Amino acid sequence: MTTISTLRNTAMLDQWPIALVAWGATEAILRHSQAALARIDVTQPQWWALNNIVRAKHGLTKEEIRALDVPYGMDTQVMVHAADALVHRGWLGVGADGRLPLTEQGHEGLATAKEHMDRVRAELLGDIREEDYATAVSVLQHVIDNLA
């Protein structure tokens, strides 16, 4: 069976299965980012919920949260469960209109999570130049567009 480590030992980059490499990268990135968030007792869906809710001036309703695009094929209810956990934790308030805005504690938690995720990005990039990273992302997006 061909593996990422087997492919790493070959010079024929144009023959590497892009899906295998992309999947391996996805798994490694998720594992690393989830571990970083777990150190501060935050799940990845909570991180996504916080980032979406903070962008809304007055928070989001559960229906608006349910309508968000959820990555990795997760059920949309995952975001609602994440928001419920954040309410329980005191990071989200509950307005009379059903909106869930970030509390002061939520803003502090989001700032801490952002610091962790900034370190994750720095570790992900390592010695990869920003231009090379941008090229890799552009190529993968082009593959997605070609197959759409």
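For the structure itself, consult the block above.
One structure accompanies this document, and this report is about it. Because the structure is a prediction, the values reported are computed rather than measured. (Residues numbered from 1 in each chain as written. Predicted model: local features only at pLDDT ≥ 70, side-chain atom pairs only at ≥ 80, totals over all residues. Heavy atoms only, no water.)

**Looking at the overall build of the protein**
Then step 1. Along the backbone of the protein there are seven helices and zero strands.
Then step 2. The order of α-helices and β-strands along the protein, N terminus first, is α-α-α-α-α-α-α.
Then step 3. For 148 residues, the compact-globule formula gives about 15 Å, and the C-alpha radius of gyration of the protein, at 18 Å, lies well above that figure.
Then step 4. Projecting the C-alpha coordinates of the protein onto the three principal axes gives extents of approximately 60 × 30 × 30 Å. (Helix = DSSP H or I, 4+ residues; strand = E, 2+ residues; numbered from the N terminus. Rg over C-alpha atoms; globule rule 2.2 N^0.38 Å.)

**Description of the packing of aromatic side chains**
The geometry of an aromatic ring pair comes down to the distance between the two centres and the angle between the two planes.
Then step 1. Evaluated as defined, the whole model comprises one aromatic pair.
Then step 2. Consider the rings of Trp 48 and Tyr 72, whose centres lie 5.7 Å apart with planes at 40 degrees: the pair is tilted. Separated by 24 residues along the polypeptide, Trp 48 in helix α3 (residues 44-55) and Tyr 72 in the loop between α4 (62-66) and α5 (77-89) bring together distant segments of the chain.
Then step 3. Judged by its relative accessible area of 13%, Trp 48 falls in the buried class. (Phe/Tyr/Trp six-rings, centres within 6.5 Å; stacked < 30°, edge-to-face > 60°. Buried < 20%, exposed > 50% of the residue type's maximum accessible area, 1.4 Å probe, protein only.)

**Quick word on the side chain of Gln 46**
Then step 1. By the secondary structure assignment, Gln 46 is in helix α3.
Then step 2. You can call Gln 46 buried: its relative accessible area is 9%.
Then step 3. Other than its neighbours up to four places away in sequence, Gln 46 contacts Asp 41, Ala 82, Ala 85, Leu 86 and Arg 89. (Contact = heavy atoms within 4.5 Å.)

**Quick notes on the pattern of salt bridges**
Then step 1. A complete count under the given rule lists eight salt bridges for this structure.
Then step 2. One salt bridge connects Glu 64 with Arg 99, and the closest N-O pair in it is separated by 2.7 Å. Note that Glu 64 is positioned in helix α4 and Arg 99 in the loop between α5 and α6 (104-125), a separation of 35 residues in sequence.
Then step 3. Overall, Glu 64 belongs to the partly exposed group, its relative accessible area being 30%.
Then step 4. In this structure Arg 99 comes out as partly exposed when scored by relative accessible area, which is 23%.
Then step 5. Ionic pairing is found between Asp 132 and Arg 129, a salt bridge with its closest N-O pair at 2.9 Å.
Then step 6. Each of Glu 64, Asp 97 and Arg 99 takes part in a single network of salt bridges with overlapping partners. (Salt bridge = Lys/Arg side-chain N within 4 Å of Asp/Glu carboxyl O.)

**A word on α6**
Then step 1. Over its 22 residues, α6 runs 32 Å from end to end, which matches the ideal 32 Å to within 8%, given 1.5 Å per residue.
Then step 2. Restricting attention to buried positions, one finds in α6 the residues Gly 106, Gly 109, Leu 110, Ala 113, His 116, Met 117, Val 120 and Leu 125.
Then step 3. Where α6 is buried, its residues touch α2 (18-38), α3 and α7 (130-147).
Then step 4. Where α6 terminates, the next one or two residues include Gly 126, which has phi positive at roughly 50 degrees. (Expected span 1.5 Å × (residues − 1).)

**Notes on unusual backbone geometry**
Glycine aside, residues mostly have negative phi angles, and peptide bonds mostly take the trans form.
Then step 1. A positive phi angle, near 60 degrees, is found at Asp 41, a position not held by glycine.
Then step 2. Relative to the assigned elements, Asp 41 resides in the loop between α2 and α3.

**Let's talk about the nonpolar core**
Then step 1. Of all hydrophobic cores here, the largest spans 27 residues; its most connected members are Trp 47, Ile 53, Ile 65, Met 79 and Leu 92.
Then step 2. When contributions to this core are tallied by element, the ones reaching two or more residues are α2, α3, α5 and α6. (Core = buried A, V, L, I, M, F, W, Y, C linked by side-chain atoms within 4.5 Å.)

**Thoughts on the layout of surface pockets**
Then step 1. Of the pockets and cavities examined, the largest pocket occupies roughly 1,200 Å³.
Then step 2. Along the walls of the largest pocket sit 30 residues, with Ala 25, Ile 29, Tyr 133, Val 137 and Leu 140 positioned nearest its centre.
Then step 3. Going through the elements one at a time, α2, α3, α6 and α7 are the ones with two or more residues in the lining of the largest pocket.
Then step 4. Residue classes in the lining of the largest pocket are distributed as 23 nonpolar, four polar and three charged. (1 Å grid on protein atoms, 1.4 Å probe; cavity = no way out; pocket = protein on both sides within 12 Å on 5 of 7 lines; lining within 4 Å. Points joined across faces, edges and corners; volume = space filled by probe spheres on them. Nonpolar A, V, L, I, M, F, W, Y, C, P; charged D, E, K, R; others polar.)

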